[in-house]
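Examination of the molecular architecture
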Amino acid sequence: MKYSKKDRQKLLLETLEKNPFITDENLASTFKVSVQTIRLDRMELSIPELRERIKSVAAHNFEEEVKSLPIDEVIGEIIDIDLDKQAISILDITKDHVFARNGIARGHHLFAQANSLAVAVINDDLALTRKSNLTFVKPVKAGDRVIAKAVVTNSDAEKNSTIIEVTSKVENETVFVGQFSMYRVTMS
């Protein structure tokens, strides 16, 4: 269906309100217009590009500070965190992340995103991975956006141990699942 400019821009605002992480390419496909048209609409409506929207959501959602590692050491961008409960990060897969021969992402990038998110969600000075159990469910390709969600499922203060489940998805399809047994301690 072809929309008038006014209707398209109204729907664009509504769509980005629901999902600020949608790409210009996906928006163009949804509205059956060119990427350039979406970019012009965003400019007219003073809507920032995707990377700025991600940073804005992340800044808004960071009420707590990550303690277990410097934020710039997290693989991907954390967009939401509730320490010792859950965290979400986004990793855009580029050609640097994939095998040249087939365009499929190297597994260590998905692992690194999940593992660093599992470390970041720990509300202690030190968090180390004791053990992990991983399943790569589907291939990830260049251009994919991987959204990882870490959820703390069990914590044992006596053993300085926490179990974290991480599920990574591309367009709502699970591509990676990991369970991380973490060692944690407060350094005082």
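Throughout, residues of each chain are indexed from 1 in the direction in which the sequence is written. The model is predicted, so local features are restricted to residues of pLDDT at least 70 and side-chain atom pairs to those at 80 or more, both for listing and for counting; the totals for chains, interfaces and linings are taken over all residues. Side-chain metrics in this entry use all non-hydrogen atoms of the structure; hydrogen atoms and water are not considered.

This next bit is on the side chain of T23. Topologically, T23 is positioned in the loop between α1 (5–18) and α2 (24–31). Looking at T23, its side chain comes within polar contact range of the main-chain nitrogen of N26, at 3.0 Å. Throughout, a residue-residue contact means that at least one pair of heavy atoms, one from each residue, lies within 4.5 Å. When residues no more than four places from it in sequence are discounted, the contact partners of T23 are L50 and R145. Numbering of helices and strands runs from the N terminus, with a helix taken as a DSSP run of H or I at least four residues long and a strand as a DSSP run of E at least two residues long. We define a polar contact as two N or O atoms separated by no more than 3.5 Å, with the added condition that, inside protein, one atom must be a possible hydrogen donor and the other a possible acceptor, whereas residues neighbouring each other in sequence contribute only through side-chain atom pairs.

Another point: the sheet that holds strand β2 (residues 86–92). What links the strands of a sheet is backbone hydrogen bonding, and the strands pair in either a parallel or an antiparallel sense. Two strands pair if DSSP finds at least two bridges between them. Read from one edge of the open sheet, six strands run β1-β2-β4-β5-β6-β3, paired in antiparallel fashion. Both outer strands of the open sheet, β1 (77–82) and β3 (126–136), are each paired with one neighbouring strand and no more. Adjacent strand axes in the sheet meet at a mean angle of 20°, parallel and antiparallel pairs treated alike. Strand direction decides the pairing type here: β3 and strand β6 (residues 173–185), joined by ten bridges, are antiparallel. Of the residues in β6, the one forming a bridge with N133 is Q179. Throughout, an axis means a line fitted to C-alpha atoms (over the contacting stretch in the case of helices), and angles, computed between N-to-C directions, take values from 0 to 180 degrees. Docked against the sheet, helix α5 (residues 107–120) engages β1, β2, β3, β4 (145–156), β5 (161–170) and β6, running at close to 45° with respect to β6.

Here we come to the packing of aromatic side chains. For any pair of aromatic rings, the description rests on two quantities: the centre-to-centre distance and the angle between the ring planes. Paired rings are identified among Phe, Tyr and Trp, the last through its six-membered ring, by centres lying within 6.5 Å, and are further divided according to the angle between planes into stacked (under 30 degrees), edge-to-face (over 60) and tilted (the rest). All told, the structure shown has three aromatic pairs when counted by the stated rule. Both rings, one in F111 and one in F180, keep their centres 5.9 Å apart while their planes meet at 40°; by these two values the pair is tilted. Of this pair, F111 sits in helix α5 while F180 sits in strand β6, and the two are 69 residues apart along the sequence. When its relative accessible area of 26% is taken as the criterion, F111 is described as partly exposed. Classification of F180 as buried rests on a relative accessible area of 0%. Between F136 and F176, the aromatic rings sit 5.1 Å apart at their centres with planes inclined by 65°, giving edge-to-face as the arrangement. With F136 in strand β3 and F176 in strand β6, the pair connects residues that are 40 residues apart, well separated along the chain. Under the relative-accessibility criterion, F136 is labelled partly exposed at 45%. Here the basic side chain of R106 rests over the ring of F99, its NZ or CZ set 5.2 Å away from the ring centre. Residue exposure (1.4 Å probe, protein chains only): buried if accessible area is under 20% of the type maximum, exposed if over 50%, otherwise partly exposed. For a lysine, the NZ atom is tested; for an arginine, the CZ atom; a charge sits over a ring if that atom is within 6 Å of the ring centre and within 35 degrees of the ring normal.

With respect to the helices, strands and loops of the structure, V33 is situated in the loop between α2 and α3 (35–44). It is 43 Å that separates the C-alpha atoms of V33 and L69, two residues lying 36 residues apart in sequence.

Take α5 next. Taking 1.5 Å per residue, 14 residues should reach 20 Å; α5 reaches 20 Å between its end C-alpha atoms and fits that length. Within α5, ten of the 14 residues are buried, which leaves it mostly tucked inside the rest of the structure. Buried residues of α5: H109, L110, Q113, A114, N115, S116, L117, A118, V119 and A120, and no others. Buried residues belonging to α5 abut β1, β2, β3, β4, β5 and β6. A helix is expected to span 1.5 Å multiplied by its residue count minus one.

For the rest of this paragraph, the subject is the packing of α1 against α3. At a closest axis distance of 11 Å, the pairing of α1 and α3 adopts a crossing angle of 75°. Considering the angle they form, α1 stands roughly perpendicular to α3. Contacts between α1 and α3 involve K5, R8, Q9 and L12 on the former and, on the latter, T37, D41, R42 and E44. Throughout, the ten residues Ala, Val, Leu, Ile, Met, Phe, Trp, Tyr, Cys and Pro are labelled nonpolar, Asp, Glu, Lys and Arg are labelled charged, and all others, Gly among them, are labelled polar. Here the residues of the contact of α1 with α3 are counted per class, giving one nonpolar, two polar and five charged. Orientation categories follow fixed angle ranges, with anything under 35 degrees roughly parallel, anything over 145 roughly antiparallel, 65 to 115 roughly perpendicular, and all other angles oblique.

So far we have only geometry, and geometry alone does not tell us how the molecule works.
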